[in-house]
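Below, each chain spelled out in residue letters.
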Amino acid sequence: MPDLTALPPAPTLLVTVLAFLLGSLVSGVLYSRARGADIRDRDLPGGSGTWRQFGRGAGILVSAGDILKGIVAALLARALVPQGGEALAALVTGAVVAGHCYPVFFGFRGGGGIAPLLGALLVFTPGVLLALLVSKRIALDKSDRKAMLGLVLYLVLSSLISGLTGSNVDNAAHVGGLVTGLFVAAPLVLYGLKARQV
């Protein structure tokens with residue numbers, strides 16, 4: 001577990017609040033409002049919802065915007081608190097994702113948080129991001145890609161990878177998390193595959 005007490009309080013609080021506020025700028029809501037609508041009345045405000053409602057170009061633009069805010073939050077954190085390490089990475093990533101899911105500017109109704117998570121991981125842990133993208137491709141292409149299943153698999157794999165590669169992390173806890181997660185994820189994968197065959 002990253003040690004948050006080692007971080008300088010004022011800059012850490014500033015970076016965390018800024019990350020949350022950046023996350024609160026939900027690209028899908030901004031785009032749809034610029035087009036005279038609120039996407040949340042019809043769909044989710046992420047890239048895929050925007051794609052369904054406004055087309056491929058809009059979906060790509062919104063996805064890029066949401067990934068970019070994760071990147072900006074992570075780079076800002078590294079610039080303002082360079083000694084932050086794992087603790088700051090976890091805090092800022094959580095804040096930008098929470099801001100996207102519960103945006104203060106849009107009545108706390110946002111998206112799923114995957115795109116800003118990808119952006120933050122790209123800066124803080126590109127190896128973990130690569131493993132997650134590979135695992136998503138392998139594990140989720142044959143299912144319905146339910147958000148719950150994706151979340152469970154992401155958490156399991158990121159926990160395992162960071163646990164096995166981190167220097168001061170209890171690896172046994174991460175292996176235990178992997179085993180527990182597999183007991184949760186395996187039935188979901190099998191259910192998703194069975195549901196598609198019907």
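Asks: I'd like a description of the packing of aromatic side chains, backed by residues and values.
Replies: For the structure on display, the rule yields 1 aromatic pair. Look at Tyr31 and Phe54: their rings are 5.4 Å apart centre to centre, the planes differ by 75°, and that puts the pair in the edge-to-face class. Here Tyr31, found in helix α2 (residues 27–34), pairs with Phe54, found in helix α3 (residues 47–54); they are 23 residues apart in sequence, far enough to count as distant.

Asks: Requested: an account of α3, with residues and values cited.
Replies: Turning to α3, its buried residues number three or more, namely Gly47, Gly49, Thr50 and Phe54. Along the long axis of α3, the arc covered by the buried residues comes to 160°, so they all point the same way. Of the surrounding elements, those touching the buried residues of α3 are α2 and α4 (56–80).

Asks: With reference to specific residues and values, describe the nonpolar core.
Replies: Val15, Ala19, Ala77, Leu88, Val92, Val96 and Phe124 are the most contacted members of the largest nonpolar core, which has 19 residues in total. Of all the secondary-structure elements, those providing two or more residues to this core are α1 (9–23), α4, α5 (85–101) and α6 (114–124). Per-element accounting of this core gives the leading share, 8 residues, to α5. Dropping the residues within four chain positions of it, Val15 is found in contact with Leu76, Ala77, Leu80, Val81, Leu88 and Val92.

Asks: Outline the environment of Ala19, listing residues and values.
Replies: Within the fold, Ala19 resides in helix α1. Taking the relative accessible area as the measure of exposure, Ala19 reaches 1% and is therefore buried. Between the C-alpha atoms of Ala19 and Ala95, which are 76 residues apart in sequence, the distance is 5.6 Å. Residues in contact with Ala19, not counting those within four places in the same chain, are Ala73, Val92, Ala95 and Val96.

What counts and how
Residues numbered from 1 in each chain as written. Predicted model: local features only at pLDDT ≥ 70, side-chain atom pairs only at ≥ 80, totals over all residues. Heavy atoms only, no water. Phe/Tyr/Trp six-rings, centres within 6.5 Å; stacked < 30°, edge-to-face > 60°. Helix = DSSP H or I, 4+ residues; strand = E, 2+ residues; numbered from the N terminus. Buried < 20%, exposed > 50% of the residue type's maximum accessible area, 1.4 Å probe, protein only. Arc of directions from axis to C-beta. Contact = heavy atoms within 4.5 Å. Core = buried A, V, L, I, M, F, W, Y, C linked by side-chain atoms within 4.5 Å.

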